[in-house]
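Next come the chains, spelled out residue by residue.
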Amino acid sequence: MFQTGKFVSNITPQVASKIGANLHLVKGHPIRIVKERVYNFFKKYQPGRFPVFDELNPYVSVKDNFDDLLIPQDHPSRRMADTYYADTSTVLRTHTSAHQTTLLRSGCDSFLVSGPCFRRDSIDGSHYPVFHQMEGVRVFDEDALGEQTVAEHLQETLTAMTKHVFGTEVETRWVDEYFPFTDPSWELEVKFNGEWMEVLGCGVIQPRVLENSRLPGRSGWAFGQGLERLAMILFGIPDIRLFWSADERFFKQFVGVDPSAERLPRFIPFSAFPPTSRDVSFWLPAQYNAHDLYDLIRALGGDLVEDVKEIDHFDDTRSGRTAKCYRLVYRSMERTLETEEVNHIQNAIRVAIQDKLGGVLR
Ligand code: FA5
Ligand code: MG
């Protein structure tokens with residue numbers, strides 16, 4: 001971590017190294033292919049309506065990322081446990097919604113924004129600290145909608161988009177959600193490998209957000225979708241870490257793929273390598289947030305750690321202490337791991353739990 005004055009940034013070297021990667025701009029990368037497939041839909045559906053912004057700076061102000069979107073001062077997403085802060089008033093954007101009010105204020109009333117977002121998050125096959133989102137915003141001229149409500153227009157648009165991107169085979173469902181900046185709000189889930197996977201959040205923009213954007217009295221909708229999640233479904237990519245793999249067995253499967261092709265190739269996993277798991281239990285320090293543990297594990301285990309779950313929790317009523325046990329699943333996407341190598345990483349993690357987190361191993 002880097003120190004500037006009194007403030008200590010929580011941006012880890014691992015995350016810092018990925019800030020400029022911009023997978024959504026890399027030719028032949030599945031994130032770019034899926035992005036273009038969605039853009040093609042909007043071009044066809046509303047020619048000229050949605051300008052695209054793919055290279056906006058991922059460092060944004062706290063005002064853009066949170067305040068202007070009505071995210072309350074005490075909302076958990078603002079904590080340093082959840083968000084990477086460069087300094088006290090600048091964050092690595094946690095969502096592309098951070099650009100909503102600035103673009104609206106600049107006079108652009110409909111647009112698409114794609115780019116990397118950053119979050120201190122859990123560790124599993126569909127979460128990664130760096131991921132790519134696409135934001136879509138449409139603000140209507142008065143009376144542009146006729147009889148239709150904004151909510152109906154939003155759901156109709158996103159349903160058509162999903163059909164265009166995936167074809168008709170996929171199962172989808174709307175789930176009621178809450179976002180401070182939209183009301184009503186939903187998430188769209190898609191069936192993937194037998195389970196529902198959330199791909200986007202959306203809703204009708206709150207009047208106060210439009211006031212903050214100097215568009216009082218207007219109405220509109222917005223959505224933000226995860227491009228990794230879309231690409232996983234579109235190509236059948238089983239694990240989010242693969243997007244960062246340098247293995248040519250991954251990349252060569254996407255060479256020359258046309259984003260507008262009706263049928264896309266399915267990803268053929270190179271043989272699945274065996275997982276191996278290790279447990280660690282420790283007494284928690286007084287100040288504890290699991291995201292500190294996850295960042296520490298990411299820093300030491302990198303992409304060899306596939307999943308981390310809390311499997312046991314123990315409150316010692318006498319001492320007032322709490323202990324937790326976590327199970328770490330190690331697996332490489334590219335090769336079989338040596339026991340030695342896993343033990344070595346697990347030991348480094350155990351040491352860091354004591355030295356960096358202030359936990360006491362059991
Ligand atoms: C948002 O980020 C809202 N800004 C979405 C929104 C936009 C709502 C406009 C209303 C209006 P959420 O936190 O649910 O919402 O994230 C949106 C999507 O980003 C998720 O559905 C998922 O596809 C993706 N996503 C979020 N966190 C991660 C992660 N750690 N790894 C991979 N994908 C992620
Ligand atoms: Mg969500």
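Model, not experiment: these values are computed from the prediction.

Draft legend 1. Quick peek at the overall build of the chain. Each helix and strand in the chain was counted, giving 10 helices and 16 strands. For 362 residues, the compact-globule estimate of 2.2 N^0.38 gives 21 Å, and the C-alpha radius of gyration of the chain, at 22 Å, lies within 12% of that figure. A principal-axis box enclosing the C-alpha atoms of the chain has dimensions of 65 × 45 × 35 Å. Considering the chain as a whole, with its 362 residues, one finds that 53% of them fall into the buried category. Between the averaged position of the 41 positive side-chain charges in the chain and that of its 50 negative side-chain charges there is a distance of 3 Å.

Draft legend 2. Here's a closer look at the nonpolar core. Ranked by internal contacts, the top residues of the largest apolar core, which has 59 residues, are F42, F235, I237 and F243. Residue assignment for this core shows that the elements contributing at least two residues are α2 (30–45), β7 (110–118), β8 (130–140), α5 (150–166), β10 (182–192), β11 (195–205), β12 (219–226) and α7 (227–235). Every residue in contact with F42, bar those within four places of it in the chain, is listed here: P47, F50, L112, T157, M161, W221 and F223. Of all hydrophobic cores here, the second largest spans 24 residues; its members include L103, L104, C108 and V113.

Draft legend 3. Focus on the sheet that holds strand β5 (residues 85–87). Reading across from one edge, β4-β6-β5 is the order of the three strands in this open sheet, with antiparallel pairing throughout. In this open sheet, the two strands that pair with only one neighbour each are β4 (59–61) and β5. If you compare each strand with its neighbour and ignore which way they point, the axes differ by 35° on average. In terms of strand pairing, β4 meets strand β6 (residues 90–92) through three bridges, oriented antiparallel. Residue Y59 lies in a different strand from β6, and its bridge partner there is L92.

Draft legend 4. Broad picture of the pattern of salt bridges. Tallying each qualifying case throughout the model produces 21 salt bridges. Across the pair D239 and R241 runs a salt bridge, and its minimum N-O distance is 3.0 Å. Residue D239 is classed as buried on the basis of its relative accessible area, which comes to 5%. Salt bridges linked by common partners bring D109, D141, E142 and R218 together as one network.

Draft legend 5. Here's a closer look at the site of ligand 1. Taken together, 26 residues surround ligand 1, and among them H95, S97, R119, D121 and E198 come closest. Within the side chain of R119, one N or O atom sits 2.8 Å away from an oxygen atom of ligand 1. Within the contact set of ligand 1, an oxygen atom lies 3.1 Å away from a backbone nitrogen or oxygen of V199. Across the complex, the protein chains shield 95% of the 670 Å² of accessible surface that ligand 1 would expose by itself. When contributions to the shell around ligand 1 are tallied by element, the ones reaching two or more residues are β8, β10, β11 and β12. In terms of residue count, the dominant contributor to the shell around ligand 1 is β11 (five residues). Of the residues contributing to the shell around ligand 1, the split by class is 10 nonpolar, 10 polar and six charged.

Draft legend 6. Representation of the coordination of the magnesium ion (ligand 2) within the structure. Looking at the magnesium ion (ligand 2), the protein donor atoms are E187 (OE) and E198 (OE), and they sit 2.2 to 2.3 Å from it. With E187 in strand β10 and E198 in strand β11, this residue pair connects regions lying 11 residues apart in the sequence. The exposure class of E198 is partly exposed, given its relative accessible area of 32%.

Draft legend 7. Molecular detail of the packing of α2 against α7. One can describe the packing of α2 onto α7 by two numbers: an axis separation of 9 Å at closest approach and a directional angle of 90°. As judged from the angle between their axes, α2 and α7 are roughly perpendicular. Here P30, I31, I33, V34, K35, R37 and V38 of α2 come into contact with α7, specifically with L227, E228, L230, A231, L234 and F235. Taken together, the residues of the contact of α2 with α7 sort by class into 10 nonpolar, no polar and three charged.

Draft legend 8. Examining the pairing of strand β15 (residues 321–330) more closely. Of all 10 residues making up β15, eight are buried, and the element is well covered by its neighbours. Pairing analysis gives 10 bridges linking strand β14 (residues 305–316) to β15, with the strands arranged antiparallel. The partner of D315 across the bridge, within β15, is T322. Counted between consecutive antiparallel strands, the loop separating β14 from β15 contains four residues, among which G320 sits at a positive phi close to 75°.

Draft legend 9. Main features of the side chain of T83. Inspection of the secondary structure puts T83 in the loop between α3 (62–65) and β5. Sequence-distant contacts of T83, defined by excluding residues within four places in its chain, comprise N10, F66, S77, V91, T94 and R120.

Draft legend 10. Expanded view of the environment of L242. Inspection of the secondary structure assignment puts L242 in the loop between α7 and α8 (248–251). Counting along the chain gives 85 residues from L242 to T157, while the straight-line C-alpha distance between them is 30 Å. Excluding its chain neighbours within four sequence positions, the residues that come into contact with L242 are I237, F250, F267, F270 and M333.

Draft legend 11. Structural context of unusual backbone geometry. Omega for the bond connecting D183 with P184 falls within 30 degrees of zero, at -5°, which places this linkage in the cis form. Mapped onto the secondary structure, P184 falls in strand β10. Here N193, not a glycine, exhibits a phi torsion of approximately 50°, which is positive.

Draft legend 12. Representation of the state of the cysteines in the model. Inspection of every chain in the model, using the stated rule, returns zero disulfides. There is no disulfide at C202, and the cysteine sulfur nearest it, in C117, is 16 Å away. With relative accessibility at 3%, the residue C202 sits in the buried group.

Each value, and the rule that gives it
Residues numbered from 1 in each chain as written. Chains lettered and ligands numbered in written order. Predicted model: local features only at pLDDT ≥ 70, side-chain atom pairs only at ≥ 80, totals over all residues. Heavy atoms only, no water. Helix = DSSP H or I, 4+ residues; strand = E, 2+ residues; numbered from the N terminus. Rg over C-alpha atoms; globule rule 2.2 N^0.38 Å. Buried < 20%, exposed > 50% of the residue type's maximum accessible area, 1.4 Å probe, protein only. Lys, Arg positive; Asp, Glu negative; His and termini not counted. Charge placed at Lys NZ, Arg CZ, Asp CG, Glu CD. Core = buried A, V, L, I, M, F, W, Y, C linked by side-chain atoms within 4.5 Å. Contact = heavy atoms within 4.5 Å. Pairing = 2+ DSSP bridges. Axes fitted to C-alpha atoms, helices over the stretch in contact; angles between N-to-C directions. Salt bridge = Lys/Arg side-chain N within 4 Å of Asp/Glu carboxyl O. Near = heavy atom within 4 Å. Polar contact = N/O pair within 3.5 Å; in protein donor to acceptor, adjacent residues only side chain to side chain. Areas by Shrake-Rupley, 256 points an atom, 1.4 Å probe, with all protein chains shown as cover. Nonpolar A, V, L, I, M, F, W, Y, C, P; charged D, E, K, R; others polar. Donors = N, O, S within 2.8 Å, 3.2 Å for Na, K, Ca; no water. Parallel < 35°, antiparallel > 145°, perpendicular 65-115°, else oblique. Disulfide = S-S within 2.5 Å.

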